[in-house]
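# Observations on chain architecture
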Amino acid sequence: MALNDIELTGHEQIEVFGAREHNLKNIDVAIPRNQLVVITGISGSGKSSLAFDTIYAEGQRRYMESFSSYARSFIGDMERPDVDKINGLSPVISIEQKTTSKNPRSTVGTTTEIYDFLRLLYARAGEAVSYVTGKPMVKQTQDQIIEQILTHYEGKKLSILAPMVKGRKGHYRELFVQISKMGYAKVRIDGEVQDITPKMQTDRYKIHDIEVVVDRIVPKKEDRYRISQSVGTALKLGGGSLLLLDENGEVQYFSQNLMDPESGISYEDPSPNSFSFNTPYGACPVCKGLGQIEEITEESIIPDPSLSILRGGIAPLGEYRDLWIFKQIEALLKTHKSSLSIPIQKIPRDVLDIILYGSEEPIAVASKKYPGTDWNTKFEGIITFLKNQQESDSDKIQDWIKDFLIIKECPECHGQRLKKESLHFLIAGKNIAELSEMDISDLTAWFESVEDRMSQKQRLIATEILKEIRKRLGFLYGIGLNYLTLNRPLKTLSGGEAQRIRLATQIGTQLVGVLYIMDEPSIGLHQRDNVKLIKALKDLRDLGNTVLIVEHDKDMMLESDYIIDIGPGAGRHGGRVVSQGAPKAFIANGGITADYLSERVSIEVPAKRRTGSGESITIKGAKGHNLKNVNLKIPLGTITCVTGVSGSGKSSLIHETLFPILNRHFFRAKREPLSYKEVTGLEHIDKVIEVDQSPIGRTPRSNPATYTGMFSDIRTLFAELPESKIRGYKPGRFSFNVKGGRCETCEGAGMKKIEMEFLPDVHVPCETCKGKRFNRETLEIRFKGKSISDVLDMTVAEAIPFFENQPKINRKVQILNDVGLGYITLGQHATTLSGGEAQRVKLSEELSKKDTGKTLYILDEPTTGLHFQDIRKLLDVLQKLADKGNTILIIEHNLDVVKVADHIIDMGPEGGNGGGKVIAEGTPEKVAMMKGSYTGQFLKKELGL
């Protein structure tokens, strides 16, 4: 029997008994081991509760239990999930979307460790070139230096100099005393040889080069010993470097370190840290390795030059007030025959420079206290003042200055993050930053043939490192991330992209016998690349692992080995196993998910597509990131879908070009859009609303009622009741976040945390308020027989008839119900909401704002975490909005959404450098017939054309 056939745990399946986490109804479920298993079901049915909050939490807890009690006292303990027993549990690894780092120093390269191997490659095999002359740097031994002196300078008068100071300011009195005590009589200061004299010093404010004259000789073969002694002494004094000065004043540099023989610049021997932008040894000194700097510019403090200073033309100062700084500017303008009331653009340039950057010339400001006398003062300048204030410890001042900071590319490293020495180590003609800027496709091709462009020595050193780099690049390529670059910050990736990067890293570890749990890894992935993801997951399974995925993707379910459907409804109506089995058996069993999979039920294509209002918003010449001079036309009054393979430029065009343009136009936002030529048609809409994938507040005190603003209206309603007025209660009395009406024992949390030494913390309902959050007096106020606590415990569906006569509240409750959240309670902790639920709460908050029929809604993959049935509900809401004349712009890969759109804009044809163009646009039927569009190919099949 092969080793792989032996079931090491003695279990053929993972058995869960009595799972009751969140809404799970005491369920028993068996999950086959070493298979690809999908957990699916209606949003909010309890999928994540089973996969993450029960199975993963128990696996993690058991791992922690293996530590000593001493170690656990430092780490803390995991809370035991509410489950009777789990058998056959393997070591468990969770790959979630929420674990993405927001640190600007985390990049694709550092996360996958490819950049770490590149650093090692450049440190060991990189060839240094001079950043002054571009010629190779050389390293010489003491014997080689002596040999060159005897060969090239025999019979010539020479001075051997040891460099002590290179390009630094200072008076160096102590240094000259020290040199004199060592027995040397001459030094060369800034190119001039001088005798050392008592109290000798240099100008402390100027930059100097200082060398000691160690010896003056005429080299002959018989003097080799003396030359050897002098060279050794000079190298010791000069830290491994020396200079030769001949009788004509010509200088030749030599060094035991890497040195340019022409200019004399030297580099330290490289180490992997020399190529890290996260350490002082490699980071650019100006931007500290971020590639960007925050700068206060003229444009940021004078947003509208047509305004005068009097009317607030200088943003940090605001409109004219009786302040000292305005008196100074007024006096300054008066001396130059100008005034505060003329537009800033008409102030002479030299005068504006003094206002912005200051001047050493004193200005006379009339004294208010002593009429007839003047104060002579120097003006610091607005920008100079703001830059000095950046060093302030005050958070308030820092926040104020942030409004005037613009992020710009670092002028020193030009966004490459490393110091110039590190950028001048090359392999096959490229530095490490140039490789980081290539997308994975180009980088893979470059590494395929790199040995052909390496020297024999480099090939020997690099063999093993290249194997590791190629292996990791192969994993990224294999899961459809070939369009990413290594220097792409992790915080700019979608949840699905970050999850797939972690998946690639895990495949690289080659672990066996592990239970991997993933949360919708297909998010943000085009149908074309889904095939690659499924193959990667099957490879992980074939190594001998169990792969458990919470997923709604149709292809993923059909390709899996086993499906578990949780339901039948959501929230209180879910939490049961509806159906389970291999895909064929699962479909035969029936049920809502099986009906959609077998296409017995489907989302219908509308009989007629909207043509829109005839107006449009047009952007011309968009060139940000990988966009290739794109012209975008969005027909207003329609549902428009922006599609395309991952990395084709959808987010660059919509989130980073269009939205900042609109945001700046309507709300004067500071965020700069990516490069574009012109935009037209903005007058046809009156506001823009963006619903992206960023989560809502994730503290237990945040809930759907507080997030949508409904709770403020509910508190006002309770404060308006006659009993409240008699008692003098204001709306604040009904808040669980401030003192007054809340229970002070638990401070409005409803639960008390009891800390247990060596055991997990236990949360118990507060003994005073019994989990109701409010004190007895507050709970005595009732509306329709219900207290404020009872209202928070209501489901959205129950709240609709309860608030039918309160239009403001009812509208918000109704929209929560319309987006499929009728089962959640108004006061449900944000921490217990799934990703899809949190996003729909955010969406409903935006939809509850009154639309005007001229609103543009921008949605980023709103189907994230949604079951087929929930997508249908969401589309009904969006169709109603569009019917009123609003425009819905959706970035989406889900074909159920794409096929019902009125208009499609397809980006591509590929991702990264191979994308950035609009390759097809029009109705779904038109795009489906276009060759060269991957979206079209899948749409053709979906529409049955």
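Whatever comes next refers back to the structure up there.
Everything numeric here is computed off the predicted structure, so don't read it as measured data.

Parameters and conventions
Residues numbered from 1 in each chain as written. Predicted model: local features only at pLDDT ≥ 70, side-chain atom pairs only at ≥ 80, totals over all residues. Heavy atoms only, no water. Helix = DSSP H or I, 4+ residues; strand = E, 2+ residues; numbered from the N terminus. Buried < 20%, exposed > 50% of the residue type's maximum accessible area, 1.4 Å probe, protein only. Contact = heavy atoms within 4.5 Å. Areas by Shrake-Rupley, 256 points an atom, 1.4 Å probe, with all protein chains shown as cover. Pairing = 2+ DSSP bridges. Axes fitted to C-alpha atoms, helices over the stretch in contact; angles between N-to-C directions. Patch = residues over 30% accessible without salt bridge, like charges linked within 9 Å, V, L, I, M, F, W, Y side chains within 5 Å. Salt bridge = Lys/Arg side-chain N within 4 Å of Asp/Glu carboxyl O. Lys, Arg positive; Asp, Glu negative; His and termini not counted. Charge placed at Lys NZ, Arg CZ, Asp CG, Glu CD.

Before going further, it helps to spend a moment on the overall build of the protein. Scanning the protein for helices and strands turns up 33 helices and 34 strands. Each principal axis of the C-alpha distribution contributes one length, and for the protein these read about 105 × 100 × 65 Å. The proportion of buried residues among the 945 residues of the protein is 51%. For the protein, the proportion of contacts with a sequence separation of at least 24, taken over those separated by at least 6, is 67%. Counting every atom, the protein has about 44400 Å² of accessible surface; 50% of that belongs to carbon and sulfur.

Turning to the sheet that holds strand β2 (residues 27-32), a few remarks are in order. Across the sheet, three strands lie side by side as β2-β1-β4; this open sheet has antiparallel pairing. At either end of the open sheet lies a strand with only one pairing partner, and these are β2 and β4 (85-87). Each strand axis lies, on average, 10° off the axis of its neighbour in the sheet, ignoring direction.

So, on to the sheet that holds strand β31 (residues 855-860). Across the sheet, six strands lie side by side as β28-β31-β32-β26-β33-β34; this open sheet has mixed pairing. What marks the edges here is a single partner per strand, and that holds for β28 (687-691) and β34 (917-922). Averaged over all neighbouring strand pairs, the angle between strand axes comes to 15°, with direction disregarded. In the sheet, β28 pairs with β31 via five bridges, with the strands oriented parallel. Bridge assignment links Lys687 to a residue of β31, and that residue is Thr855. Along the sheet, helix α21 (residues 650-667) contacts β26 (639-644), β28, β31, β32 (887-891) and β33 (903-908); its crossing angle with β28, the most-contacted strand, is approximately 140°. The sheet contacts of helix α30 (residues 868-883) involve β26, β31 and β32, and relative to β32 the element is tilted by about 140°.

Moving on to the pairing of strand β5 (residues 92-95). Burial along β5 is two-sided: Val92 and Ser94 facing one way and Ile93 and Ile95 facing the other are all buried. Where β5 lies against strand β20 (residues 515-519), four bridges are found, and the strand directions are parallel. Note on β20: the bridge partner recorded for Val92 is Leu515.

Here we come to a negative patch on the surface. A surface patch of negative charge is lined by Asp393, Asp395, Asp399 and Asp403. With respect to the secondary-structure elements, Asp403 resides in the loop between α12 (395-402) and β18 (405-409). Asp403 gets classed as partly exposed once you look at its relative accessible area, which sits at 41%.

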